[in-house]
Amino acid sequence: MTTTSPASSYSLNADYWTRIIRGGLDRYRTGLTNPAMLAAAGDVTGQAVLDAGCGEGYLARLFAGRGASSVVGVDLCPELVDAARAQAVVEGLDIRYETADVAALPLDDASVDLVVANHVLNDLEDPAPAIVEFARVLRPGGRAVALLLHPCFYGSRGRPVDRDSYYQTRRIEQHFDVAGEVSPAPVVAWTRPLEDFATEFVSAGLALVGISEPHPSEQQRREDPWWDQNFSRPLFLLLTARKVL
Ligand SMILES: C[S@@+](CC[C@H](N)C(=O)[O-])C[C@H]1O[C@@H](n2cnc3c(N)ncnc32)[C@H](O)[C@@H]1O
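Residues numbered from 1 in each chain as written. Predicted model: local features only at pLDDT ≥ 70, side-chain atom pairs only at ≥ 80, totals over all residues. Heavy atoms only, no water.

Draft legend 1. Spatial organisation of the overall build of the protein chain. Across its full length, the protein chain carries 9 helices and 9 strands. Taking 2.2 N^0.38 as the reference for a compact globule, 245 residues should give roughly 18 Å; the C-alpha atoms of the protein chain span a radius of gyration of 17 Å, in line with that estimate. By its C-alpha atoms, the protein chain is 45 × 40 × 40 Å across when sized along the principal axes. For the protein chain, the proportion of its 245 residues judged to be buried stands at 51%. Counted over contacts in the protein chain with a minimum sequence separation of 6, partners at least 24 positions apart contribute 72%. As presented, the protein chain carries roughly 11,300 Å² of accessible surface, and 52% of it is formed by carbon and sulfur atoms. Across the protein chain, 22 positive and 32 negative side-chain charges occur, with their mean positions spaced 3 Å apart. (Helix = DSSP H or I, 4+ residues; strand = E, 2+ residues; numbered from the N terminus. Rg over C-alpha atoms; globule rule 2.2 N^0.38 Å. Buried < 20%, exposed > 50% of the residue type's maximum accessible area, 1.4 Å probe, protein only. Contact = heavy atoms within 4.5 Å. Areas by Shrake-Rupley, 256 points an atom, 1.4 Å probe, with all protein chains shown as cover. Lys, Arg positive; Asp, Glu negative; His and termini not counted. Charge placed at Lys NZ, Arg CZ, Asp CG, Glu CD.)

Draft legend 2. Looking closely at the site of the ligand. The environment of the ligand is formed by 20 residues, the closest being R29, G53, D75, V102 and N118. Between D75 and the ligand, the recorded distance is 2.6 Å, taken from a side-chain N or O atom to an oxygen atom. Note that a nitrogen atom of the ligand is positioned 3.1 Å from one of the backbone N or O atoms of L76. Coverage of the ligand by the protein chains reaches 97% of its 590 Å² of free accessible surface. If you tally residues by element for the shell around the ligand, the top one is helix α1 (residues 6-22), at 3 residues. Looking at the shell around the ligand residue by residue, the class counts come to 12 nonpolar, 4 polar and 4 charged. (Near = heavy atom within 4 Å. Polar contact = N/O pair within 3.5 Å; in protein donor to acceptor, adjacent residues only side chain to side chain. Nonpolar A, V, L, I, M, F, W, Y, C, P; charged D, E, K, R; others polar.)

Draft legend 3. Inspection of the pattern of salt bridges at higher detail. Applying the stated criterion to the full structure yields 17 salt bridges. For E91, the salt bridge identified is with R61, shortest N-O distance 3.5 Å. Residue E91 is found in the loop between α4 (78-90) and β3 (96-99), and its partner R61 is found in helix α3 (residues 58-65); the two are separated by 30 residues along the sequence. Between R221 and E218 there is a salt bridge whose closest N-O contact spans 3.7 Å. With a gap of 3 residues between them, R221 and E218 both fall in helix α8 (residues 218-223), about one helical turn apart. Taking relative accessible area as the criterion, R221 reaches 37% and is therefore assigned partly exposed. Its relative accessible area of 53% is what places E218 among the exposed residues. Bridged by salt links that share partners, the residues R22, E56, R61 and E91 form one connected network. (Salt bridge = Lys/Arg side-chain N within 4 Å of Asp/Glu carboxyl O.)

Draft legend 4. Inspection of the packing of helix α2 (residues 27-41) against α3 at higher detail. At a minimum axis distance of 12 Å, the contact between α2 and α3 shows a crossing angle of 45 degrees. Of the possible angle classes, the one that applies to α2 and α3 is oblique. Remark: the crossing between α2 and α3 carries right-handed chirality. Here α2 contributes R29, N34, M37, L38 and A41 to the contact with α3, which in turn contributes Y58, L59, L62 and F63. Partitioning the contact of α2 with α3 into residue classes produces 7 nonpolar, 1 polar and 1 charged. (Axes fitted to C-alpha atoms, helices over the stretch in contact; angles between N-to-C directions. Parallel < 35°, antiparallel > 145°, perpendicular 65-115°, else oblique. Left-handed = near helix turned anticlockwise from the far one by under 90°.)

Draft legend 5. Focus on the nonpolar core. Formed by 46 residues in total, the largest nonpolar core has its most connected members in F63, Y97 and L114. Sequence-distant contacts of F63, that is, excluding residues within four places in its chain, are made with L38, A41, V44, V49, A68, V71, L114 and V116. Counting 30 residues, the second-largest nonpolar core is a separate cluster that includes L50, L107, A117 and F201. (Core = buried A, V, L, I, M, F, W, Y, C linked by side-chain atoms within 4.5 Å.)

Draft legend 6. Region of the structure containing α2. An ideal rise of 1.5 Å per residue puts 21 Å on 15 residues; α2 measures up with 20 Å between its terminal C-alpha atoms. Roughly 40 degrees is the biggest bend found in α2, and it falls at T33, with proline P35 one to four residues downstream. Among the residues making up α2, those that are buried are R29, L32, T33, N34, A36, M37, L38, A40 and A41. For α2, the N-terminal cap is D26; the gap from its side-chain oxygen to the backbone nitrogen of Y28 is 3.1 Å. Remark: G42 follows α2 within two positions and exhibits a positive phi of approximately 70 degrees. (Expected span 1.5 Å × (residues − 1). Bend = angle between axes of the 7 residues up to and from the residue.)

Structure follows, in structure tokens:
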């Protein structure tokens, strides 16, 4: 049996991951999930932003470049945090990156206006403690934006989700395969029914204020057959929640 812990698999994949992201090789991100995440985040001018599970740190860099008053990126993988810090120096950006668990954030209560968790909650077998932490660090009225694999449609390796497994917590172990480049180590993703995610946000005091399903536009599909070849079912869910006052 393969044992895959998030930190160790991302450590083994850190160079691969950094190259894929910085090379813009993941078209799902560049064409769909990044624009959706940035639109949901909105104008961050003057806001304190947390990029929870920041990976090599690109979203944090984008928010710093868009006028956030402070940006913190947190990730469990030290190699990715090192890569993020190094790139912030290269770009002259003032971003604090920390190696930490999103379920134990190194931030004060009510110190953040916006938490983003981009492709992160699926890394957690139990996302509830992280969502509670998001609520703790958010100021009243602050927002959390989470981009997830669509729980209703995302099975392993193209398999649809059947009725019985949908209502379970599902473990999906696979290698990343982006633009024909396969990651050195497998990663484990977890998913669960949509109602569980909704309950966890609401129980933490985060009211859901937006749900969207990033997907290719008609224009994208018309202009590039890649989308119809590679987006054969809904893949993504974007949840926006506001900390209740
Ligand atoms: C799919 S990657 C996404 C990274 C980044 N948000 C992005 O969009 O490029 C998931 C990230 O979550 C991190 N991660 C997994 N579990 C974590 C945890 N418990 N606390 C902090 N980071 C975690 C991994 O190290 C990895 O960098």
